[in-house]
Amino acid sequence: MTSAPTAALTYLVAGQTGAHERQLARFDDDQWQEYLDLLSGLFVLTVDRRFRPGEPAAVIRFVASVRERFDPAGTAIDPTVAETLMYAALGQHDTLPATAETITAQTLLVVALVTDEGLSPAGLADLIDDTTTMIAAEPDDRPAAVTPDGPAAVTPDGQPADQQQPDDHEHQPADPP
């Protein structure tokens, strides 16, 4: 049986964003952590399939293309963060803490990497299977570009876990897109 985090990641890479968001909204802390582990594993796997250490120009061009495709306003993806995530996946930089910013960048980079591969549905299923196998085989030494600060570094809505959520009657300004 497929876990809810695995299903959510499958929806993400298949371009089914509505189903992905619905699945994320139902996660508890353990499922959220499993999803972050899977996302990081998939990120490392896809970066490794496309890039080699010592190719900074290729990483910079790729991040620029992702920002052009998914962040035309230039506000959702910090290029330095995105490039550093990729260098961490290649073993050329320390991992970054799991924050809303790093998870957003990692998610968009994964979507671009998988989309660029042009995989068939069977190819996508194989990629997810490879990711879950890799994560299960290395539970204490998971490949990652981000590192959580405890069991839930961020909540499913992308907020830092240690940040108090406002009461329903309080009005908080929305984060910029």
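Residues numbered from 1 in each chain as written. Predicted model: local features only at pLDDT ≥ 70, side-chain atom pairs only at ≥ 80, totals over all residues. Heavy atoms only, no water.

K.L.:
Can you walk me through the overall build of the chain in this structure?
P.N.:
When its secondary structure is counted, the chain shows 7 helices and 2 strands. Counted from the first residue to the last, the chain has its helices and strands arranged as α-α-α-α-α-β-α-α-β. Per-residue burial for the chain yields a buried fraction of 42% across its 177 residues. Restricting the contact set of the chain to residue pairs at least 6 apart, pairs at least 24 apart contribute 71%. (Helix = DSSP H or I, 4+ residues; strand = E, 2+ residues; numbered from the N terminus. Buried < 20%, exposed > 50% of the residue type's maximum accessible area, 1.4 Å probe, protein only. Contact = heavy atoms within 4.5 Å.)

K.L.:
What should I look at first to understand the packing of helix α3 (residues 29-50) against helix α6 (residues 100-117) in this one?
P.N.:
Relative orientation and spacing of two packed helices are given, respectively, by the angle between their axes and the distance between those axes. For the pair α3 and α6, the least separation of the axes is 9 Å and the interaxial angle reads 45°. As summarised for this structure, α3 and α6 are arranged oblique, according to the angle between their axes. Here the hand of the crossing between α3 and α6 comes out left-handed. Contacts between α3 and α6 involve Leu36, Leu39, Ser40, Leu42, Phe43, Thr46, Val47, Arg49 and Arg50 from the former and Ile103, Gln106, Thr107, Leu109, Val110, Leu113, Val114, Asp116 and Glu117 from the latter. (Axes fitted to C-alpha atoms, helices over the stretch in contact; angles between N-to-C directions. Parallel < 35°, antiparallel > 145°, perpendicular 65-115°, else oblique. Left-handed = near helix turned anticlockwise from the far one by under 90°.)

K.L.:
Is there a simple way to explain the packing of helix α4 (residues 56-70) against helix α5 (residues 79-89) in this structure?
P.N.:
Running from amino to carboxyl end, α4 crosses α5 at an angle of 130°, the nearest separation of the two axes being 10 Å. It follows that α4 is oblique to α5 by the angle criterion. Every pair of crossing elements has a handedness; the one defined by α4 and α5 is right-handed. Here Pro56, Val59, Ile60, Phe62, Val63 and Arg67 of α4 lie close against α5, whose contacting residues are Pro79, Ala82, Glu83, Met86 and Tyr87. Class assignment of the residues belonging to the contact of α4 with α5 gives a composition of 9 nonpolar, no polar and 2 charged. (Nonpolar A, V, L, I, M, F, W, Y, C, P; charged D, E, K, R; others polar.)

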